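A structural walkthrough
Spelled out from the first residue to the last, the chains are:
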Amino acid sequence: AQSVTQLGSHVSVSEGALVLLRCNYSSSVPPYLFWYVQYPNQGLQLLLKYTSAATLVKGINGFEAEFKKSETSFHLTKPSAHMSDAAEYFCAVSGSNAGKSTFGDGTTLTVKP
Amino acid sequence: GAGVSQSPSNKVTEKGKDVELRCDPISGHTALYWYRQSLGQGLEFLIYFQGNSAPDKSGLPSDRFSAERTGGSVSTLTIQRTQQEDSAVYLCASSSDRASVGGLGYTFGSGTRLTVV
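Residues numbered from 1 in each chain as written. Chains lettered and ligands numbered in written order. Predicted model: local features only at pLDDT ≥ 70, side-chain atom pairs only at ≥ 80, totals over all residues. Heavy atoms only, no water.

1. Side note on the overall build of chain B
Helix and strand content of chain B: 0 helices and 10 strands. Counting helices and strands in the order they occur from the N terminus, chain B gives β-β-β-β-β-β-β-β-β-β. Whereas a compact globule of 117 residues would reach a radius of gyration of roughly 13 Å, chain B reaches 14 Å, a difference of no more than 12%. For chain B, the spread of C-alpha atoms along the principal axes amounts to about 40 × 25 × 25 Å. In chain B, which comprises 117 residues, the proportion classed as buried is 50%. The contacts of chain B with a sequence gap of at least 6 include a subset with a gap of at least 24, amounting to 56%. Accessible area for chain B stands at about 5500 Å²; split by element, carbon and sulfur atoms hold 43% of it. (Helix = DSSP H or I, 4+ residues; strand = E, 2+ residues; numbered from the N terminus. Rg over C-alpha atoms; globule rule 2.2 N^0.38 Å. Buried < 20%, exposed > 50% of the residue type's maximum accessible area, 1.4 Å probe, protein only. Contact = heavy atoms within 4.5 Å. Areas by Shrake-Rupley, 256 points an atom, 1.4 Å probe, with all protein chains shown as cover.)

Here it is as structure tokens:
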């Protein structure tokens, strides 16, 4: 069984500020973890993924996420927000022996000028 | 193809009618997934195809929903006797590498927006 909880359905930051989107997971097997981004009126695209190779994962557009097993977390961060980062972000977990992913409810990021 | 293609992009149908949604995955991707995204909600898993294995249908919400994948490529999701609660964006995704199919992430199509009136 696996599940994902994204803390905060809406996050608002100022341009240039730190972005922190929180994700906690539950998995009965070693997890694969993903962050996806959905820009307005577009499909979802993979931002980054954790597959046990390294706990700090770097993705596109300056985003990164750190896998913390002790905290069962996989929070997404970016040091300095850009206006173009405004989108909905989804965290997802997959078991190591199955391809099906379970998605969180999403966090909408707003970036204020 | 270069990406995952879904058709139609929008579909408006009358309650009680049947609809078919099509997904054409990336060539060579062995795994194909259907999810549903309702307004303001996350993604709900529907069904998963992996190669020649029996599909995982555990997410289908009722027996009105069915899906098939022909020749290991194109997939069709069929909803019979549509209801208003079926209104949502239906997303298809595919992924590669049978050996680590759970680890590479999905490539999503743009979705089909279904509206049942």
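After presenting the structure, the write-up continues.
2. Regarding the sheet that holds strand β6 (residues 65-69) of chain B
Residues and elements named next belong to chain B. Ordered by their spatial adjacency, 4 strands build an open sheet running β1-β3-β7-β6, and the pairing between neighbours is antiparallel. On the outer flanks of this sheet lie β1 (5-7) and β6, each paired with one strand and no other. Within the sheet, the average angular offset between the axes of one strand and its neighbour, ignoring direction, is 15°. Here strand β3 (residues 19-24) runs beside strand β7 (residues 75-79); their pairing, made up of 5 bridges, is antiparallel. From the neighbouring strand, E20 faces β7, where its bridge partner is T78. (Pairing = 2+ DSSP bridges. Axes fitted to C-alpha atoms, helices over the stretch in contact; angles between N-to-C directions.)

3. Quick word on the state of the cysteines
In protein chemistry, a disulfide is the covalent bond that joins the sulfur atoms of two cysteines. Under the definition given, this model contains 2 disulfides over all chains. Covalent S-S linkage joins C23(A) and C91(A), the inter-sulfur distance amounting to 1.9 Å. Here C23(A) and C91(A) share a disulfide; its torsion about the S-S bond, -65°, makes the bridge left-handed. With C23(A) in strand β3 (residues 19-27) and C91(A) in strand β9 (residues 87-95), this residue pair connects regions lying 68 residues apart in the sequence. C23(B) shares a disulfide with C92(B); S-S distance 1.9 Å. On the sign convention where negative is left-handed, the bridge of C23(B) and C92(B), at about -65° about the S-S bond, is left-handed. (Disulfide = S-S within 2.5 Å.)

4. Details of the packing of aromatic side chains
Residue and element names in this part refer to chain B. Applying the stated rule across the entire model yields 16 aromatic pairs over all chains. Between Y35 and F45, the ring centres sit 5.7 Å apart and the planes meet at 70°, which makes this aromatic pair edge-to-face. Taken together, the residues span a long stretch of sequence, with Y35 in strand β4 (residues 31-37) and F45 in strand β5 (residues 43-50) at a distance of 10 residues. (Phe/Tyr/Trp six-rings, centres within 6.5 Å; stacked < 30°, edge-to-face > 60°.)

5. Topic: the interface of chain A and chain B
Quite often, the size of an interface is put as the accessible area lost when its parts meet. With 19 residues of chain A in contact, the opposing surface of chain B contributes 19 residues. Overall, the association of chain A and chain B removes approximately 1400 Å² of surface from exposure, summing both partners, and the carbon and sulfur fraction of that is 56%. Inspection of the region where chain A meets chain B yields 1 salt bridge. Scanning the region where chain A abuts chain B turns up 6 residue pairs in polar contact (both at pLDDT 80 or more). (Buried area = accessible area lost by both parts, 1.4 Å probe. Salt bridge = Lys/Arg side-chain N within 4 Å of Asp/Glu carboxyl O. Polar contact = N/O pair within 3.5 Å; in protein donor to acceptor, adjacent residues only side chain to side chain.)

6. A closer look at unusual backbone geometry
The residue after S7(B), namely P8(B), is reached through a cis peptide bond having omega -10°. Relative to the helices and strands, P8(B) resides in the loop between β1 and β2 (10-13). One non-glycine residue, N41(A), adopts positive backbone phi at about 60°. Note that N41(A) resides in the loop between β4 (31-38) and β5 (44-50). Positive phi, normally seen in glycine, also occurs at T72(A), with a value near 45°. Topologically, T72(A) is positioned in the loop between β7 (64-68) and β8 (73-78). Taking relative accessible area as the criterion, T72(A) reaches 32% and is therefore assigned partly exposed.

7. Some words on the environment of D86(B)
Residues and elements named next belong to chain B. You can see D86 is positioned in the loop between β7 and β8 (88-95). Here the alpha-carbon distance between D86 and F65, two residues 21 residues apart in the chain, equals 9.9 Å. Dropping the residues within four chain positions of it, D86 is found in contact with R36, R64, F65, I79, L114 and V116.

Read these as layout, nothing more, since geometry by itself doesn't imply function.
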